[in-house]
Structures are given as C-alpha cells and as structure tokens.
Amino acid sequence: QVTFDKTGIYNLQTSFPGDATYKAVNSDIIQVTVGPIITYDFTVLSAPSGIQFGVDGVTRTTPWTGQLTPGEHIITMPTTVLIAGTSYYFYQWDDGSTNPTKIINLVGSLTISAKYSARYAVLLDSNPQVKRITITGPLGTITIYTPTTLQLQQFNGTQYTIEADPNRFESW
C-alpha cells in the first residue's frame, strides 16, 4: 500500500525477491501523478422543501448542495413525508422518472428536483344516492358508489373528470 500526502509525480518500482516456488521479479517503473481531487456541485431540490433524503446513504435535507466526486451516486427520496400536518407523496423527478431512488452518473455540476403531491380527502355524497360514479385522473379510472369518502392525489395542475350514473344523476 502506498499513500501520497501531496500532489506531484511519483515513480514507483515493485519487486518480488522470489521464493522456492516463484522466481524474483522486478517491475517496470510506474509513474503516478497525484493531483487535486475533482468534485462537482450537486444540488437536490424538492417541492415542498425540507424533505430528508439520502445521498449515498448519508441523510441530507432539501434544498441541499454539496461537492461529489465524478461517477455513480445513489439518491433516495422518501415515498411519503409529513410536513406541517399535510402528507405528501413522491410523484416524480424533474426528468419524469417515478422511482424515488435515482442513480446518477455525475460528470459535471448537476441539479435535480423531486416533486411531491398532497393527498386530500374528498367526500362524494349524493341525494338521492347515485349508484355509480366514475373518476378519471392521472393515475387511471376508478368506479365508486356513493356516499363515500376517497383520497385523490393533487398534483400541480391535475384535473379529475367525475361522471355520475346518468340514470340516477340530476345535477351537481
């Protein structure tokens, strides 16, 4: 093992004196250049901010900027967080990926952003009772029967289409 305590150019030569099984060997000279460690700015943002997450297993809090070496790093966001009494659910990264664990290959300074959405309870109550209501949103279509309470995730700009059984529905 060789340790270099400062930058510079070092010439190394290894040798093996030999033993009963192997003959003695000298290596060619190896030149090693030791320079400063390269790092890049890496920033993680989230909406909302104040979310604890992991960078290579180390806990950080958004917004966070640090220095990382080039190469692969694992970023892990929680799937659910509670902030000021509101539950937020991981929705996606700014590149559209929906996996809360992201592997980045850092080759320069980089900023990434995790998007979260709040979930709200919606009471659908009808009088007279509507037999069936269909709700279509960003995660697909569900059919429910009223009266009922359900939770819909609210993403920025999300719209839901709610349709009632036409045989029983009069007006909103």
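Residues numbered from 1 in each chain as written. Predicted model: local features only at pLDDT ≥ 70, side-chain atom pairs only at ≥ 80, totals over all residues. Heavy atoms only, no water.

Q: Looking at this model, I keep getting lost on the overall build of the protein. Mind explaining?
A: The helix and strand tally for the protein stands at 0 helices and 17 strands. When burial is assessed residue by residue, the protein has 27% of its 172 residues classed as buried. Restricting the contact set of the protein to residue pairs at least 6 apart, pairs at least 24 apart contribute 52%. On the protein, roughly 11700 Å² of surface is accessible, and the fraction owed to carbon and sulfur atoms is 50%. (Helix = DSSP H or I, 4+ residues; strand = E, 2+ residues; numbered from the N terminus. Buried < 20%, exposed > 50% of the residue type's maximum accessible area, 1.4 Å probe, protein only. Contact = heavy atoms within 4.5 Å. Areas by Shrake-Rupley, 256 points an atom, 1.4 Å probe, with all protein chains shown as cover.)

Q: What should I look at first to understand the pairing of strand β10 (residues 80-83) in this one?
A: Taken together, the 4 bridges between β10 and strand β11 (residues 86-93) define a ladder with antiparallel strand orientation. What sits directly across from V81, in β11, is Y88. Following β10, the chain reverses through 2 residues before pairing antiparallel with β11; A84 in that reversal takes a positive phi of roughly 50 degrees. (Pairing = 2+ DSSP bridges.)

Q: Help me understand the pairing of strand β8 (residues 64-68) in this model?
A: The side chains of a regular strand alternate, residue by residue, between the two faces of the sheet. Only one face of β8 is covered, namely the face carrying W64, G66 and L68; the face carrying T65 and Q67 is uncovered. As defined by bridge partners, strand β5 (residues 40-47) adjoins β8 across 5 bridges and the pair is classed as antiparallel. Looking at the pairing, V44 lines up with W64 of β8.

Q: I'm lost on the side chain of T62 in this one. Help?
A: Examined against the element boundaries, T62 turns out to sit in the loop between β7 (58-61) and β8. A distance of 2.6 Å separates the side chain of T62 from the side chain of S46, its partner in a polar contact. Setting aside chain neighbours within four positions, we find T62 in contact with V44, L45, S46, P48, S49, G50, I51, F53 and M77. (Polar contact = N/O pair within 3.5 Å; in protein donor to acceptor, adjacent residues only side chain to side chain.)

Q: Please explain the environment of F42 as it appears in this structure.
A: Mapping F42 onto the fold places it in strand β5. C-alpha of F42 to C-alpha of T111: the two residues are 69 residues apart in sequence and 5.8 Å apart in space. Apart from the residues lying within four places of it in its own chain, the contact partners of F42 are W64, T65, G66, L68, I75, I104, L106, L110 and I112.

Q: Got a minute to help me understand the pattern of salt bridges in this structure?
A: Two side chains bearing opposite charge may form a pair once their charged atoms approach each other closely. Across all of its chains, the model carries 1 salt bridge by this definition. With a shortest N-O distance of 2.7 Å, D95 and K102 are connected by a salt bridge. (Salt bridge = Lys/Arg side-chain N within 4 Å of Asp/Glu carboxyl O.)

Q: When you look at the packing of aromatic side chains in this model, what are you seeing that I'm missing?
A: One pair of aromatic rings is described through two measures. These are the centre distance and the angle between the planes. As enumerated under the stated definition, the model contains 4 aromatic pairs in all. Each ring, one from F90 and one from Y116, has its centre 5.5 Å from the other, and the planes form 85 degrees; the classification is edge-to-face. A residue pair is termed long-range when its members are at least 10 positions apart, and F90 in strand β11 and Y116 in strand β13 (residues 110-124) qualify at 26 residues. Exposure class is identical for F90 and Y116. Each is buried. Three or more aromatic residues joined by ring pairs form one cluster here, namely F42, F53 and W64. (Phe/Tyr/Trp six-rings, centres within 6.5 Å; stacked < 30°, edge-to-face > 60°.)

Q: What is the right way to read the nonpolar core from this model?
A: Nonpolar side chains tend to gather and get buried jointly when the protein is soluble and globular. F42, V44, F53, I75, M77, W93 and Y116 are the most contacted members of the largest nonpolar core, which totals 19 residues. Only β5, β6 (52-55), β8, β11, β12 (101-106) and β13 provide two or more residues apiece to this core. (Core = buried A, V, L, I, M, F, W, Y, C linked by side-chain atoms within 4.5 Å.)

Q: Is there a simple way to think about the sheet that holds strand β9 (residues 71-76) in this case?
A: Whether parallel or antiparallel, the strands of a sheet pair through hydrogen bonds between backbone atoms. An order of β7-β6-β9-β12 is seen for the 4 strands of this open sheet, with the pairing classed as antiparallel. The open sheet is flanked by β7 and β12, the only strands paired with a single partner. With strand direction ignored, the average angle separating the axes of adjacent strands in the sheet is 30 degrees. (Axes fitted to C-alpha atoms, helices over the stretch in contact; angles between N-to-C directions.)

Q: Would you take a moment to explain the confidence of the model for the protein for this structure?
A: In regions of low pLDDT, the predicted coordinates are not meant to be interpreted in detail. Looking at the protein, the pLDDT average stands at 77 and 62% of residues meet or exceed 70. By mean pLDDT, the top-scoring element of the protein is β6 (98), and the lowest-scoring one is strand β16 (residues 148-154) (52). Segment residues 168-172: pLDDT under 50, and 8 contacts once partners within four positions in sequence are set aside and those in other chains are kept. (pLDDT = per-residue confidence, 0-100.)

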